[in-house]
Amino acid sequence: MIATDRTPLPRDFFDRPVLDVAPDLLGRILVRTTPDGPITLRLTEVEAYDGPNDPGSHAYRGRTARNGVMFGPPGHVYVYFTYGMWFCMNLVCGPEGRASAVLLRAGEIIEGTELARKRRLSARNDNELAKGPARLATALGVDRALDGTDACAAGDTPLRVLAGSSVPPDQVLSGPRTGVAGDGGVHPWRYWIANDPTVSPYRAHAPRRRRS
């Protein structure tokens, strides 16, 4: 296991532009506390979403009941439900009142592997436990009940982010976001650790066929 700094990240870490926070989250440690025990994950892939400047963002057209957490304060968890079956988890960043967030796309389970395996029975190996945003949320037991959770709160909290181990800049890669359509699809705002086996494969947006 890679040696990691267990110091919790302060709110100031998240109170920065999303394009600064996103790559800086790589190598950080996410601790999910569950009734069955903790699960710890090292972040290996993320995507940035920049609110009013980003057609791919849920907050591009303003505040709704669904995306309200994205408007701050920074350091909170934004969870959404997608395709009628999956949850995805984000960390809110930037100044309060201006919606931006980082989607947590993939990671390496480094503690609590057995608990993650019970939630991800279809995973062929441990590298697949959190390989993709829906898989990550499933492995950690994340659903809408965690929406709005303060990941920077002191004391007991169901989810917190620790300093972990920094990733050398030459090991951080970037490219188009996965599955984002239209004008939002051109931004190279997906960041990942080079050659890490837990990083998800890139997939361009594929329009969904309408059923007749």
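Cut-offs used in this document
Residues numbered from 1 in each chain as written. Predicted model: local features only at pLDDT ≥ 70, side-chain atom pairs only at ≥ 80, totals over all residues. Heavy atoms only, no water. Salt bridge = Lys/Arg side-chain N within 4 Å of Asp/Glu carboxyl O. Helix = DSSP H or I, 4+ residues; strand = E, 2+ residues; numbered from the N terminus. Buried < 20%, exposed > 50% of the residue type's maximum accessible area, 1.4 Å probe, protein only. Contact = heavy atoms within 4.5 Å. Polar contact = N/O pair within 3.5 Å; in protein donor to acceptor, adjacent residues only side chain to side chain. Phe/Tyr/Trp six-rings, centres within 6.5 Å; stacked < 30°, edge-to-face > 60°. Lys NZ or Arg CZ within 6 Å of the ring centre and 35° of its normal.

(A) Region of the structure containing the pattern of salt bridges. Following the criterion strictly, the structure yields 15 salt bridges and no others. In this structure, Arg105 engages Glu47 in a salt bridge whose closest nitrogen and oxygen atoms are separated by 3.8 Å. With a gap of 58 residues between them, Arg105 in strand β6 (residues 101-111) and Glu47 in strand β3 (residues 37-49) connect regions that are remote in the sequence. One continuous salt-bridge network, built from bridges that share partners, spans Glu45, Glu47, Arg105 and Arg190.

(B) How the structure looks around helix α4 (residues 133-140). Where burial is concerned, most of α4 is hidden: six out of the eight residues are buried. If you check which residues of α4 are buried, you get Pro133, Ala134, Leu136, Ala137, Ala139 and Leu140. Against the buried residues of α4 lie β2 (29-34), β3, β5 (86-92), β6 and α3 (113-119). Of the residues one or two after α4, Gly141 is the one with positive phi, at around 70 degrees.

(C) Structural context of the side chain of Asn90. Here Asn90 lies in strand β5. The exposure class assigned to Asn90 is buried, which follows from its relative accessible area of 4%. One polar contact links the side chain of Asn90 to the main-chain amide nitrogen of Leu103, over a distance of 3.4 Å. Discounting chain neighbours no more than four positions away, the residues touching Asn90 are His76, Val77, Tyr78, Tyr80, Ala101, Val102 and Leu103.

(D) A look at the environment of Asp12. Structurally, Asp12 is set in helix α1 (residues 11-14). What makes Asp12 exposed here is its relative accessible area of 61%. Linking Asp12 and Cys152, residues 140 residues apart in sequence, is a C-alpha distance of 9.7 Å.

(E) Expanded view of the packing of aromatic side chains. Under the criterion given, the structure shown has three aromatic pairs. Judged by centre distance (5.1 Å) and plane angle (75 degrees), the ring pair of Phe13 and Phe14 falls under edge-to-face. Just as Phe13 is buried, Phe14 falls in that class too. For Arg16, the ring lying beneath its charged end belongs to Phe13, and the centroid distance is 4.6 Å. The ring of Phe71 carries the charged tip of Arg63 above its face, separated from the ring centre by 4.3 Å.

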